[in-house]
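Chain and residue survey
Now for the letters of each chain:
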Amino acid sequence: MRRIRANAIAILTVAWILGTFYYLWQDNKPRSSASSASQPRAAGVKSHGQKGSVGRVEIHREDRTIPLIVTHAPHGELQNQLVGSFDEKAYLSSKQLKPGEDAYREHAFNLQESDRLGSERAIRDTRHYRCASVSFDPDLPPTSIIITFHNEARSTLLRTIKSVLMRSPPSLIQEIILVDDFSSDPEDCQLLSQIPKVRCLRNGRREGLIRSRVRGANAASATILTFLDSHCEVNADWLQPLIQRVKEDHTRVVSPIIDVISLDNFAYLAASADLRGGFDWSLHFKWEQIPIEQKMARNDPTQPIKTPVIAGGIFVMDKSWFNHLGQYDTHMDIWGGENFELSFRVWMCGGSLEILPCSRVGHVFRKRHPYDFPEGNALTYIKNTRRAAEVWMDEYKQYYYAARPSAQGKAFGSITERVELRHKLNCNSFRWYLENVYPELRIPEQEAVYSLLKQGGQCLETHGTDSLGLAECKSNSASRVQAQRWILSEPQIRQLDLCLAISAFTPGSKVKMEACNSKEPRQKWRPKGTALQHMVSGLCLDSQPPAGPPVITQCHPQLASQSWEPQLIT
Ligand code: LR7
Ligand code: MN
């Protein structure tokens, strides 16, 4: 009897000692990156200014009275607060990469790596340290988050949603509206609506991101709209700076700095804080350095950066301002161009665009589209950008067509409604936009004077890089004159971005058109009487009649075949 009691006491003592060790070990062990409890620290999130769900996690973690047996409870509880009855494991595991499958095929990023990460990984707080001490109004209005997607990977979509729930003050999230743009599996979206605040709208056919966003915006119940791509991770305190700026002035449309999530290993990388959105005349979006004068004048790294255009996917805008300005051009399809249309419209019709450096959102940048374009990728981009150019770019649309000759003649539908909208809103001209918002955009031939190069009744003509030669002058036909319209910008003789160049420096060498390069000696000419002399070889442009491509020969100013009379085109 005694022995049994002694044994029992010994067992209990050992169990107690083991239990104590286990408790201490649990308490000190570094949290794995998948554990939500580690999120705030590992992400470097400072506790001040961090209200809401993330703050609650810390309270649980610091509470030493939590019994040993429920060590994992904070995880479970957080899970419940964030996702309710939603069965995350089941959702993810039914769609994971099968052994032997190409991890990049379906989504154009490494799906295996995305699946492996889990839905709550910690990311580095990439903001400037001064951002942490910026304060916000206590009564910021809530926002409806709108995420449209077409066949997004479940793991990236879920991580987008959970990052929003984990890293936003709950009071600011009215709802998360998912617009499923006719993905193959309706459950991708439907199952997610078990998560509190998440709603799912599914298109009955593929609409593209533009009409999908409009559908989401129309369904939104908050006064402020927040658009996100479906493969993002929002960073610490990302939302407050955005809402604050819009609350102060509802005509501001604001974006975060968009950090880079590697499509290969999903590393979260800080993007430069010195960039803004720009474009070239083909309406190709690019990140560009803030102009040097503005950079010098920036002594507070937390201040907004004005931007001529936004990247398009991640921004916050007042809902009534979005509606007042005509939402989006819903005749744009699938993808592309809507960011220019929105950006021109916002600036030209009385608003402004800003990037807020204290707000950071990561995005998986891809090298190709993982989805199909029913009308083809190129035609869709042309249709959308043509609509933007035709409605908003006034006489400057000629530079768009010059930079994208293939756009000419392609269908783009009726723009009547959008033109009417522009009149109704009494918007500024594109010239105003260029002068006031984007003076850095070089206007191709601003000082250029177009000339014909006449030889008798004939004119020098070229069609791109082929068939340089003489042809009957067509100056009376505006549409056909392009081939004969030259810009004499000494020392170059140009048509758009092609320049007249010799092929070799010896007499008799052919002359051709090639991409302009201001340093290229083969492209340098000067007038010599009515002749055009190549500067380096000293030889003159000669049409060598009767046929054949022009060449360079010894200069003889009296020779008819070397006489090129410039005639201005007005
Ligand atoms: O048919 C479609 N239906 C959709 O709902 C095609 C796409 N989509 C969704 C898609 O699932 C994704 O959530 O639309 C979103 C954008 O498509 P992506 O991610 O394939 O495009 P992207 O990241 O290359 O697109 C950038 O440019 C687009 C131009 O139309 C949009 O404006 C995107 O929102 C925009 N993304 C960003 O601005 C994030 C930063 C990238 C940059 C630069
Ligand atoms: Mn994207």
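Report on the accompanying structure. (Residues numbered from 1 in each chain as written. Chains lettered and ligands numbered in written order. Predicted model: local features only at pLDDT ≥ 70, side-chain atom pairs only at ≥ 80, totals over all residues. Heavy atoms only, no water.)

Once that is clear, we can look at the overall build of the protein. Counting secondary structure elements, the protein contains 17 helices and 24 strands. In the protein, which comprises 570 residues, the proportion classed as buried is 52%. Put simply, 70% of the contacts in the protein that link residues at least 6 apart link residues at least 24 apart. Counting only carbon and sulfur atoms, one obtains 54% of the accessible surface of the protein, whose full area is about 26,600 Å². (Helix = DSSP H or I, 4+ residues; strand = E, 2+ residues; numbered from the N terminus. Buried < 20%, exposed > 50% of the residue type's maximum accessible area, 1.4 Å probe, protein only. Contact = heavy atoms within 4.5 Å. Areas by Shrake-Rupley, 256 points an atom, 1.4 Å probe, with all protein chains shown as cover.)

Quick look at the environment of Leu-453 now. Residue position: Leu-453 is located in strand S13 (residues 450–455). For the pair Leu-453 and Leu-488, spaced 35 residues apart in sequence, the C-alpha to C-alpha distance is 9.7 Å. Among all residues touching Leu-453, those that are not within four sequence positions of it are Gln-458, Cys-459, Leu-460, Trp-486, Leu-488, Ile-493, Leu-532, Trp-564, Glu-565 and Pro-566.

Quick look at helix H13 (residues 338–348) now. Owing to its 3.6 residues per turn, the α-helix aligns residues three or four sequence positions apart on the same side. Counting buried positions over the eleven residues of H13 gives eleven, a clear majority of the element. A positive backbone phi angle near 105° is found at Gly-350, which sits one or two residues after H13.

The next subject is the state of the cysteines. Scanning all chains against the criterion turns up six disulfides. Residue pairing for Cys-499: its cysteine sulfur links by disulfide to Cys-516, the two sulfurs lying 2.1 Å apart. Disulfide Cys-499-Cys-516: torsion about the S-S bond near 100°, hence right-handed. On the criterion of sequence distance, the pair formed by Cys-499 in strand S18 (residues 498–502) and Cys-516 in the loop between strand S19 (511–515) and strand S20 (525–528) is long-range, its members being 17 residues apart. Here the cysteine-cysteine linkages of the protein are recorded as 1-5, 2-3, 4-6, 7-8, 9-10, 11-12, numbering only bonded cysteines and doing so in sequence order. (Disulfide = S-S within 2.5 Å.)

On to the pairing of S13, then. For S13, a buried count of five out of six residues is recorded, marking the element as mostly surrounded by other parts of the structure. Note that S13 and strand S16 (residues 486–489) share two bridges and pair antiparallel. Within the sheet, the bridge partner assigned to Tyr-450 lies in S16 and is Ile-487. Here S13 runs beside strand S24 (residues 565–568); their pairing, made up of four bridges, is antiparallel. Bridge pairing in S24 links Leu-453 to Pro-566. Linking S13 back to strand S14 (residues 458–463) in an antiparallel pair, the connection comprises two residues, with Gly-456 at a positive phi of about 60°. (Pairing = 2+ DSSP bridges.)

This part takes up the site of ligand 1. Around ligand 1 sit 25 residues, and of these Arg-213, Ser-230, Gly-336, Glu-338 and Tyr-371 come closest. Between ligand 1 and Trp-335 there is a distance of 2.8 Å, counted from an oxygen atom to a side-chain nitrogen or oxygen. One nitrogen or oxygen atom from the side chain of Arg-366 is found 3.0 Å from an oxygen atom belonging to ligand 1. Expressed as a share of its isolated accessible area of 820 Å², the protein-covered part of ligand 1 is 91%. Only strand S1 (143–149), helix H9 (209–219) and strand S9 (285–289) provide two or more residues apiece to the shell around ligand 1. Of the residues that constitute the shell around ligand 1, the class distribution is ten nonpolar, nine polar and six charged. (Near = heavy atom within 4 Å. Polar contact = N/O pair within 3.5 Å; in protein donor to acceptor, adjacent residues only side chain to side chain. Nonpolar A, V, L, I, M, F, W, Y, C, P; charged D, E, K, R; others polar.)

On to the nonpolar core. Residues Phe-279, Trp-281, Met-317, Phe-344, Phe-430 and Tyr-433 are the most contacted members of the largest nonpolar core, which totals 57 residues. Phe-344 has contacts with Phe-279, Leu-283, Val-309, Cys-349, Trp-392, Met-393, Phe-430 and Tyr-433, leaving out every residue within four places of it along the chain. (Core = buried A, V, L, I, M, F, W, Y, C linked by side-chain atoms within 4.5 Å.)

Turning next to the pattern of salt bridges. Under the counting rule described, the total for this entry stands at 44 salt bridges. Between Glu-113 and Arg-116 there is a salt bridge, and its shortest N-O distance comes to 2.6 Å. Of this pair, Glu-113 and Arg-116 both sit in helix H6 (residues 111–117), three residues apart, which is roughly one turn of that helix. Its relative accessible area of 60% is what places Arg-116 among the exposed residues. Lys-512 is paired through a salt bridge with Glu-514; the nearest N and O atoms lie 3.3 Å apart. By relative accessible area, which is 15% here, Glu-514 ends up buried. Residues joined in a network through salt bridges with shared partners are Arg-205, Glu-207, Arg-211, Asp-333 and Lys-383. (Salt bridge = Lys/Arg side-chain N within 4 Å of Asp/Glu carboxyl O.)

Okay, helix H14 (residues 377–392) next. Taking 1.5 Å per residue, 16 residues should reach 22 Å; H14 reaches 23 Å between its end C-alpha atoms and fits that length. The buried fraction of H14 is high, at 13 of 16 residues. Within two residues after H14, Asp-394 carries a phi angle of roughly 45°, on the positive side. (Expected span 1.5 Å × (residues − 1).)

Leftover empty space is mapped by rolling, across the atoms, a probe with the size of a water molecule. When its volume is computed, the second largest pocket comes out at roughly 520 Å³. Lining the second largest pocket we find 20 residues, and of these Tyr-401, Ala-402, Gln-408, Gln-482 and Leu-496 sit closest to its centre. Counting only elements with at least two residues in the lining of the second largest pocket, the list comes to helix H15 (397–403) and S14. If you tally residues by element for the lining of the second largest pocket, the top one is H15, at five residues. Residues of the lining of the second largest pocket, tallied by class, amount to ten nonpolar, seven polar and three charged. (1 Å grid on protein atoms, 1.4 Å probe; cavity = no way out; pocket = protein on both sides within 12 Å on 5 of 7 lines; lining within 4 Å. Points joined across faces, edges and corners; volume = space filled by probe spheres on them.)

So, about the side chain of Glu-175. Mapped onto the secondary structure, Glu-175 falls in strand S2 (residues 173–180). Setting aside residues no more than four positions away along its own chain, Glu-175 makes contact with Thr-143, Ser-144, Ile-145, Lys-197, Arg-199, Ala-219, Ala-220, Ser-221 and Ala-222.

We now examine the coordination of the manganese ion (ligand 2). Bound to the manganese ion (ligand 2) on the protein side are Asp-229 (OD), His-231 (NE2) and His-363 (NE2), at distances that span 2.2 Å. Each donor residue of the manganese ion (ligand 2) belongs to the same chain, and together they define the spacing D-x1-H-x131-H. Linking Asp-229 in the loop between strand S4 (224–228) and strand S5 (232–234) with His-363 in strand S12 (residues 352–364), this pair joins segments that are 134 residues apart in sequence. The class for His-363 is buried, based on a relative accessible area of 12%. (Donors = N, O, S within 2.8 Å, 3.2 Å for Na, K, Ca; no water.)

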